[in-house]
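# Understanding the architecture of this molecule
Here is how the chains run, residue by residue.
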Amino acid sequence: MSPWNTIWTVALKDWRLEWRSRDSLTATVFFAGLVLLILGFALGPSRQRLQQAAPGILWTALAFSSVLAAQRSFGSEQEAGALEALTLYPVAHEWIYLGKLLGNYGQLLVLGALLTPLCDLLFGLPAGPRWPELLLTLLLGLLGLSVIGCFYAAVTTQLRAREALLPVLIFPVVVPVILASVKATSLLTTGGLGSEVRSWLGLLVVFDLIYLVCATLIFPYALEG
Amino acid sequence: MSAPPAAQLAGVALRFGRSWVLRGIDLELRVGESVALFGPNGSGKSTLLRVLAGGLAPAKGEGRVFGFDLRDKLSVRQHVHLLGHDAGLYPDLTAAENLRFSLALHGQQGEAAQAALLSELGLEAHLGKRVRQLSAGLRKRVLLARLALVNSPLLLIDEPFANLDADSRELSLEVLSRLQRSGKTLLISSHEPELAEAVTGRSLRMEGGRLVAA
Amino acid sequence: MRDRLARPLGLITLLCFAVGLYFAFSSPPDVNQGNLIRILYVHVPSAWFSYVAYTGTFVYSLIYLLSRKRKYDRLAAASTEIGVLMTVLTLYTGSLWGRPTWGVYWVWDPRLTTTALALLIYLGYFVVRGLIDDPGRRGRVAAVIAIIGTLDIPVNYMSVYWWRSIHQTPTFQLIGGVRVSAAAPMVEALLVMLLAYTLLYFYLLRLRGRLAELVETREERELESELQGDLKGGMREPQ
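This structure is a prediction, so every number in the text was calculated from the model and none was measured. (Residues numbered from 1 in each chain as written. Chains lettered and ligands numbered in written order. Predicted model: local features only at pLDDT ≥ 70, side-chain atom pairs only at ≥ 80, totals over all residues. Heavy atoms only, no water.)

### Remarks on helix α4 (residues 110-131) of chain C
Counted only if it meets this: The secondary structure listing takes helices from DSSP runs of H or I that are at least 4 residues long and strands from runs of E that are at least 2 residues long, numbered from the N terminus. A helix is expected to span 1.5 Å multiplied by its residue count minus one. A 1.4 Å probe rolled over the protein chains alone gives each residue an accessible area, and that area as a share of the maximum for its type sets the label: buried under 20%, exposed over 50%, partly exposed in between.
Spanning 22 residues, α4(C) covers 32 Å between terminal C-alpha atoms, matching the ideal 32 Å at 1.5 Å per step. Burial of α4(C) is extensive: 16 of the 22 residues sit out of reach of the surface.

Shown next, in the form of structure tokens:
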């Protein structure tokens, strides 16, 4: 079976499951919405201050809920008793990881697509004609969160106390993603310099590439019995 | 040169944390034979099956599956299918989707050949239903269908008769003996000797992580 | 199997510390910072120690994954352990130094922030190690976490550096050529201290690695004798 087929089969399975149950999406969207509200209360009600903080609020919500989504991605396998079966198929584990990653990334994109307009509505994210760059920021930033999230979620699925452990492992590592995404988003919504935006997006590209390659290569070691 | 045996273990030992679960297993399965594995719960049956499936690496000892070293996990996994008691059907996929997913990851497509088998198992009417809505017996049949459809030559079956009603037991026995006739190698673990013996030629007994005389 | 190298290494380390500390206390006070500058002689070397240790963790973890020799897992864990200890000391001395010079204990400086993040990454490493009983699996998962985590340190540094930088220019430029911006006796003191800490790293690594080896050998022996006794059918299995 070709790698691409494996990746696609696994991702498609995850999307179909998610579409049927909407477990993980409902949970993450609600959670992210709550984070928006809480940060709104904590920083508001000054409209100006909220608008200034909006990029930070958006990415805080996305980062927190991405941990939840990553956990669900492997938690659902575990609950179905399918994690073992998944590791025993005659396909390389690298492709299994990329399949799970693609599935998770798809979900995060949906989450981002729902959350960004909501954040714009509540606090104001005036990207105006620069929305394609904002979209690119979302695509790259969420990919970074997904790559790291899925990797650690897979590593910790079989451990005790994994719910508490996962954020501890993920957050120190995704700091560059969060910094770059927040900076790029805030430059885009406040009319910042194009060159600065590009260098932050460059950082995201570098991060995504390094970790996509390294996590994929190293994943089989984490999973084997 | 004769073909290598389906599975061969020499001095395989494995531990979880600080306790040995397998304590030196020597085992040979010839191609086409079917063997029953008995023993009380916690005697290491499931662990042994997982070692043979390429899921757990032994701490000591050597093993081969169809001539492939157990360390060559991808090759081993290409020749083995494990039906665990934690069976791994996704509750929100339909029976058909579950089957298609497993077969796809085994690199198999082809649905036409399945029709006869599925009707024999009485599954056609249920293929479009989500696994969540199926009874335990029907779920077992889905797993049996998967077992019969996967083209791995060595099948490892963990507790196929646990928690089954009489009809499903009958069906399980039928499917297993048919698989045996079709030339597959079977290793079936169970704690109910009479049932497993009905389909197997030879039986082994495990106790405390060792194979003992049956 | 005594470690013959440990004692001489320990003595040389001690000697280096004596010389280094002598220089550190006898060197003239700084033009701007006065005696405060003396914190530098422990702060910079302990930061250096941390990063040497994390590089060690990375290398040993990689070798462990490729070779599966238990020794490298022990060394990786030992290296991380002493690295974490020095990171804590770095942050502590750093904030002691920061309070009088910057007026606060903490600033969002790239090196400070990166070091704090490294501390979190490697604390996570130990939490995971503590949760897995099986030595093989523990070694593998830990190595994987160490590799991914260590890769993150330079990226973290770059990102925080861009994000905000108010730290004074590095005394020794870590990225790019070596540029010395301090008076000669101060440089001398710092260099000797750096050497002393580097030696200390190797000394502690050997010691900790050896200790881990002894513990493991004892456990192995118990397990092995249990298995052997069992194979002969002599021993009852423990329940």
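Read on for the rest.
### Notes on the interface of chain C and chain A
Short version of the rule: The contact rule is simple, with two residues in contact once any of their heavy atoms fall within 4.5 Å. The term buried area means the drop in 1.4 Å probe accessible area that two parts suffer when joined, counted for both and summed. Salt bridges are counted wherever a side-chain nitrogen of Lys or Arg sits within 4 Å of a carboxyl oxygen of Asp or Glu. Nitrogen and oxygen atoms within 3.5 Å of one another constitute a polar contact, given that in protein one can donate a hydrogen and the other can accept it, and given that sequence-neighbouring residues count only through two side-chain atoms.
Counting residues at the interface gives 28 residues for chain C, matched by 27 residues for chain A. Roughly 2,700 Å² of surface becomes buried between chain C and chain A when both sides are summed, with 74% attributable to carbon and sulfur atoms. Ranking the residues of chain C by area buried against chain A places Leu131(C), Ile148(C) and Trp162(C) at the top, with a combined share of 23%. Run the count over chain C and chain A and you get zero salt bridges. Taken together, the connections running from chain C to chain A amount to four residue pairs in polar contact (both at pLDDT 80 or more). Listed by contribution, the elements that provide at least two residues to the side of chain C that touches chain A are α2 (40-67), α4 and α5 (135-163) of chain C. With 16 residues, α5(C) is the single largest residue contributor to the side of chain C that touches chain A.

### Concerning the side chain of Glu77(A)
By secondary structure assignment, the location of Glu77(A) is in helix α3 (residues 47-79). Only 2.4 Å separates the side chain of Glu77(A) from the side chain of Lys13(A), close enough to count as a polar contact.

### Quick look at the pairing of strand β1 (residues 7-16) of chain B
Residues and elements named next belong to chain B. To be explicit about the condition: A pair of strands is labelled paired if DSSP reports no fewer than 2 bridges between them.
Pairing analysis gives eight bridges linking β1 to strand β2 (residues 19-29), with the strands arranged antiparallel. Bridged to Ala-13 within β2 is Arg-23. Turn length for the β1-β2 hairpin, with the two strands adjacent in sequence and antiparallel, is two residues, and the turn residue Gly-17 shows positive phi of about 60°. Pairing of β1 with strand β4 (residues 60-65) involves five bridges; the strand directions are antiparallel. Paired with Gln-8 across the bridge in β4 is Arg-64.

### A word on a nonpolar patch on the surface
All names here are of chain C. Definition in use: A residue counts toward a patch only above 30% relative accessible area and without a salt bridge, and it is joined to like-charged neighbours within 9 Å or, for Val, Leu, Ile, Met, Phe, Trp and Tyr, to nonpolar neighbours within 5 Å. Throughout, the Shrake-Rupley method with a 1.4 Å probe supplies accessible areas, and for residues the shown protein chains are the sole cover considered.
Together, Leu-85, Leu-89, Tyr-92, Leu-96, Tyr-105, Trp-106, Trp-108 and Trp-163 make up an exposed nonpolar region whose accessible area comes to about 820 Å². Looking at the nonpolar patch, the element that brings in the most residues is helix α3 (residues 70-102), giving four residues. Secondary-structure assignment places Leu-96 in helix α3. Residue class for Leu-96 comes out partly exposed when judged on its relative accessible area of 39%.

### Thoughts on the state of the cysteines
Condition: A pair of sulfur atoms, both from cysteines and within 2.5 Å, is called a disulfide here.
Overall, the coordinates contain zero disulfides over all chains when judged by the stated rule. Free cysteine Cys214(A): the closest other cysteine sulfur is in Cys150(A), separated by 16 Å.

### Thoughts on the interface of chain B and chain A
Listed by partner, the interface residues are 29 residues for chain B and 24 residues for chain A. Around 2,300 Å² of area is buried between chain B and chain A when both sides are counted, 63% of it from carbon and sulfur atoms. Summed over the three residues of chain B that lose the most area to chain A, namely Arg77(B), Tyr90(B) and Leu105(B), the buried surface amounts to 30% of that side. For the interface between chain B and chain A, the tally reads three salt bridges. A salt bridge links Glu97(B) to Arg16(A), with the shortest nitrogen-to-oxygen separation between them at 3.6 Å.

### What about the environment of Gln51(A)?
Structurally, Gln51(A) can be placed in helix α3. Excluding residues within four positions of it along the chain, Gln51(A) makes contact with Phe123(A), Gly124(A) and Pro126(A).

### Focus: the packing of α2(C) against α5(C)
What describes two packed helices is the angle between their axes and the distance between those same axes. Residue and element names in this part refer to chain C. The line we're drawing: Fitting a line to C-alpha atoms yields each axis, with helices limited to the stretch in contact; the angle taken between N-to-C directions then spans 0 to 180 degrees. Roughly parallel means an angle under 35 degrees; roughly antiparallel means over 145; roughly perpendicular covers 65 to 115; every other angle is labelled oblique. We call a crossing left-handed when the near helix sits turned anticlockwise from the far one by less than a right angle, and right-handed when that turn is clockwise.
It is at 8 Å that the axes of α2 and α5 come closest, and there the two elements cross at 135°. Judged by the angle between their axes, α2 and α5 are oblique. Like other packed secondary-structure pairs, α2 and α5 cross with a definite hand, here left-handed. In this structure, α2 contributes Tyr-51, Tyr-54, Thr-57, Phe-58, Ser-61, Leu-62, Tyr-64 and Leu-65 to the contact, and α5 contributes Pro-135, Gly-136, Gly-139, Arg-140, Ala-143, Val-144, Ala-146, Ile-147, Thr-150, Leu-151 and Ile-153.

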